[in-house]
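# Topology and contacts: notes
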Amino acid sequence: RSVLSNSEHFGPLRLQKPLWPEGPHPVHLLLLHPPGGVAGGDQLHLQAKLESGTHCLVTTPGAGKFYKADLPSQFHASFDIDEAGFEWLPQETILQDGAQASSDFDFCLSRGARVIASEILVLGRKDFGETFSRGKFKQSISIRREGRLIFNDATLWKPDLLHQSVSMNQHHVSALFWAARPEAWHEDEVADLESRLDAACLDCGAVCGVSQVVPGLLLIRVLGSVVEGVRRITHQAWAHLRPQIFQRQARLPRIWNT
């Protein structure tokens, strides 16, 4: 079975006890940051390597937070994925008004690596009457397949983006979901997924787009004003794509229900 063979941590950020709710594969890991959020001046780094033949799902017990701060904070994660399966499914990240932060992800995939990843960003705590009126957030993701850069995306989130029609257009929740496999997706597979997600978007007033940016790399972007709605859309994308990529039905991590 897939196991956590070696784990080292310095400071509060750590991976909790591995779980096997689906049998020997995949191993489920919870990424825990006991302070609950990232404060000004904090720097968090995560490095993981998946050996050939393994399958791992990483999620978080709750939403991540970047607090209001006078000093910048940073989260950086790098993943080296051999001929293995990897699912990066953290719960949403909330950017509080006045936060100054950055988040960087580097994914290094082998030829046969299979990956599903999701990142949901919430700008301001709307339920508390808070908008993201001050601060900034730098977000970047790079994906390499056999050392070749196949996708690179960098965004500087600032308050004025919330009101621009070409960016957020009054929405305050943004999701980036992507899936990678060695084989390319056929046009009918992409069209079927887009049709399913469009129907889900109508229920919560969100908008989304699906594209195959390079053969084998499927990208989904979602904008919305309801966190739960955007989350349901990403879960639906995961449930639809997981059997195609891993030949395994989607099974929600138990921590999401607590």
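See the structure above.
First things first, this report covers the structure right here in the doc. (Residues numbered from 1 in each chain as written. Predicted model: local features only at pLDDT ≥ 70, side-chain atom pairs only at ≥ 80, totals over all residues. Heavy atoms only, no water.)

### Regarding the nonpolar core
Where we set the bar: We call a set of buried residues a nonpolar core when its members are Ala, Val, Leu, Ile, Met, Phe, Trp, Tyr or Cys and they connect through side-chain atoms within 4.5 Å of each other. Exposed residues in this analysis have more than 50% of their type's maximum accessible area, buried residues have under 20%, and partly exposed residues fall in between, with area computed by a 1.4 Å probe over protein chains only. Two residues qualify as a contact provided that any one of their heavy atoms is within 4.5 Å of a heavy atom in the partner residue.
Judged by nonpolar contacts, the single largest core of 42 residues is most densely connected at Phe79, Ile81, Phe86, Trp88, Phe107, Ile143 and Trp178. Apart from the residues within four sequence positions on either side, phenylalanine 107 is in contact with Phe79, Ile81, Phe86, Ala117, Ile141, Ser142, Ile143, Arg144 and Trp178.

### Thoughts on the packing of aromatic side chains
Given two aromatic rings, one states the distance between the centres and the angle between the planes to describe the pair. Spelled out, the test is: Between rings of Phe, Tyr and Trp, where Trp is taken as its six-membered ring, a pair exists when centres lie within 6.5 Å; planes separated by under 30 degrees are stacked, by over 60 edge-to-face, and by other angles tilted. Only DSSP runs of H or I covering at least 4 residues are called helices, and only runs of E covering at least 2 are called strands; the numbering of each starts at the N terminus. The rule is short: NZ of Lys or CZ of Arg within 6 Å of the ring centre and within 35 degrees of the ring normal puts a charge over the ring.
Under the counting rule described, the total for this entry stands at nine aromatic pairs. Pairing tryptophan 238 with tryptophan 256 gives two aromatic rings, centres 6.0 Å apart and planes at 65°, and the pair type is edge-to-face. Pair noted here: tryptophan 238 is in helix α2 (residues 227-246) and tryptophan 256 is in the segment after α2, with a separation of 18 residues, a long-range link. Residue tryptophan 238 is classed as buried on the basis of its relative accessible area, which comes to 2%. Here the basic side chain of arginine 1 rests over the ring of tryptophan 20, its NZ or CZ set 3.6 Å away from the ring centre. The ring of tryptophan 185 has arginine 181 sitting right over it, with the charged end atom 4.1 Å from the ring centre.

### Considerations on the packing of helix α1 (residues 187-204) against α2
Defined as follows: Every axis corresponds to a line fitted to the C-alpha atoms, with the helix fit spanning only the stretch in contact, and the corresponding angles, defined between N-to-C directions, vary from 0 to 180 degrees. Roughly parallel refers to an angle under 35 degrees, roughly antiparallel to one over 145, roughly perpendicular to one between 65 and 115, and oblique to any angle outside these ranges. Left-handed describes a crossing whose near helix is turned anticlockwise from the far helix through less than a right angle; right-handed describes the clockwise counterpart. For this scheme, ten residues count as nonpolar: Ala, Val, Leu, Ile, Met, Phe, Trp, Tyr, Cys and Pro. Four count as charged, namely Asp, Glu, Lys and Arg, and the remainder, Gly too, count as polar.
At a closest axis distance of 9 Å, the pairing of α1 and α2 adopts a crossing angle of 155°. Here α1 is positioned roughly antiparallel relative to α2, judged by the angle of their axes. The chirality of how α1 crosses α2 is right-handed. Contacts between α1 and α2 involve Glu189, Asp192, Leu193, Arg196, Leu197, Ala200, Cys201 and Cys204 from the former and Gly229, Arg232, Ile233, Gln236, Ala237, His240, Leu241 and Gln244 from the latter. Here the residues of the contact of α1 with α2 are counted per class, giving eight nonpolar, four polar and four charged.

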